[in-house]
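Tertiary structure, described
For reference, the chains in residue letters:
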Amino acid sequence: MEPSVEVLDGHEAIVGRIRVRRVLPQRKLRTVGAWCFADHMGPVEVTETSGLDVGPHPHTCLQTVTWLTDGAVLHRDSLGSEQLIRPGQMNLMTAGRGVVHAEEAARTYHGTLQGIQLWVAQPEAERFDQPDFKHISQLPQVEFGRVVATVLAGNFLDVQSPAPFGRDLLGLDAIIKPGTTIFPLRADYEYAVVALDGALDVGESTSKPGQIASLRIGRDEVAISAATSTRMILLGGVPFPEPVFMWWNFVGRNADEIGTFYREWRDRGERFGEVDSTLDRIPAPPPPWEPIRSTPAR
Ligand code: MN
């Protein structure tokens, strides 16, 4: 019997000043391969006073992938990068031992903003490397069935993304014309489908924006159907072999590590640099397991 597709509801969150639909991680689905986080941003109208606008904040041991379908966002980071990103381009930031960035939309762009931000957990051997930022202005496309797809990460139908990742994984932005398309899959990968602008039938299940359809390992294909032209993200990879401990903007392996990152951000330690942004630095909430720092009585 064909393994079933499990459709899970994401939840709404506010990032900067906009609403996002966070479909990963969740209790029943922590990772898809090395993909450990997925925020579907917008669609939302960016005005003079309302946009993504996420002030300087840190990351560790992960790569961030920013991919827009509409709009523009200005990225600034502690490496000195300043990069406007538009649809069809990718911003890929590798945090390694620690990096800080800001994502600004208001005062940069007016109009509809929509996209997805994804995080990739870095493998043990690379997770404390120096941070890096790459802007990839062009990504290859592949056509098959009723689909035109952009290969964001990894290799699909012999088309290779130029984006460097620490692990073998797949990221695909696919626009499906009405009808059914068979997507070839690797049996050693687990996969997830995120519908961006309409409902999709993924195998026997229906998945809508705000949900994630999870496909466990062992499949060599999946049929995906759309009633109207629909855009989706396909994520895949070999199940991540190491424990991933995520809290706030940090990826680590355990609470002690995350506690160290938290204190270094709070105390402006040397791990995290400075970002030239007009937005305010975002303080980390204290981790629930961290002792409250009390002021001595005298
Ligand atoms: Mn970030």
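Up top you'll find the structure we're talking about.
Here the structure is a predicted model, which means the values were calculated and not measured. (Residues numbered from 1 in each chain as written. Predicted model: local features only at pLDDT ≥ 70, side-chain atom pairs only at ≥ 80, totals over all residues. Heavy atoms only, no water.)

1. Quick look at helix α1 (residues 255–266)
A rise of 1.5 Å per residue sets the reference length of α1, with its 12 residues, at 16 Å; its end C-alpha atoms lie 16 Å apart and thus fit the reference within 8%. Among the residues of α1, those classed as buried are Glu257, Ile258, Gly259, Phe261, Tyr262, Glu264 and Trp265. A distance of 3.2 Å separates the backbone nitrogen of aspartate 256 from a side-chain oxygen at the start of α1, and that oxygen is part of asparagine 254. Backbone geometry just downstream of α1 places arginine 268 in the positive-phi region, at approximately 55°. (Helix = DSSP H or I, 4+ residues; strand = E, 2+ residues; numbered from the N terminus. Expected span 1.5 Å × (residues − 1). Buried < 20%, exposed > 50% of the residue type's maximum accessible area, 1.4 Å probe, protein only. Polar contact = N/O pair within 3.5 Å; in protein donor to acceptor, adjacent residues only side chain to side chain.)

2. A word on the coordination of the manganese ion
A metal bound by six donors in octahedral fashion has ideal angles of 90 or 180 degrees, whereas one bound by four tetrahedral donors has an ideal angle of 109.5 degrees. The protein atoms that coordinate the manganese ion are His57 (NE2), His59 (NE2) and His101 (NE2), at distances of 2.1 to 2.2 Å. Spacing between the donor residues of the manganese ion along their common chain follows H-x1-H-x41-H. Taken as a pair, histidine 57 in strand β5 (residues 54–59) and histidine 101 in strand β10 (residues 99–104) lie far apart in primary sequence, 44 residues in all. In this structure histidine 57 comes out as buried when scored by relative accessible area, which is 4%. (Donors = N, O, S within 2.8 Å, 3.2 Å for Na, K, Ca; no water.)

3. Topic: the sheet that holds strand β6 (residues 62–70)
One open sheet holds the 7 strands; their spatial order is β2-β3-β4-β11-β6-β9-β12, and the pairing between them is antiparallel. Two strands in the sheet have a free side with no partner beyond their single neighbour: β2 (11–15) and β12 (132–136). Strand-to-strand, the axes of this sheet are offset by a mean angle of 20°, without reference to chain direction. (Pairing = 2+ DSSP bridges. Axes fitted to C-alpha atoms, helices over the stretch in contact; angles between N-to-C directions.)

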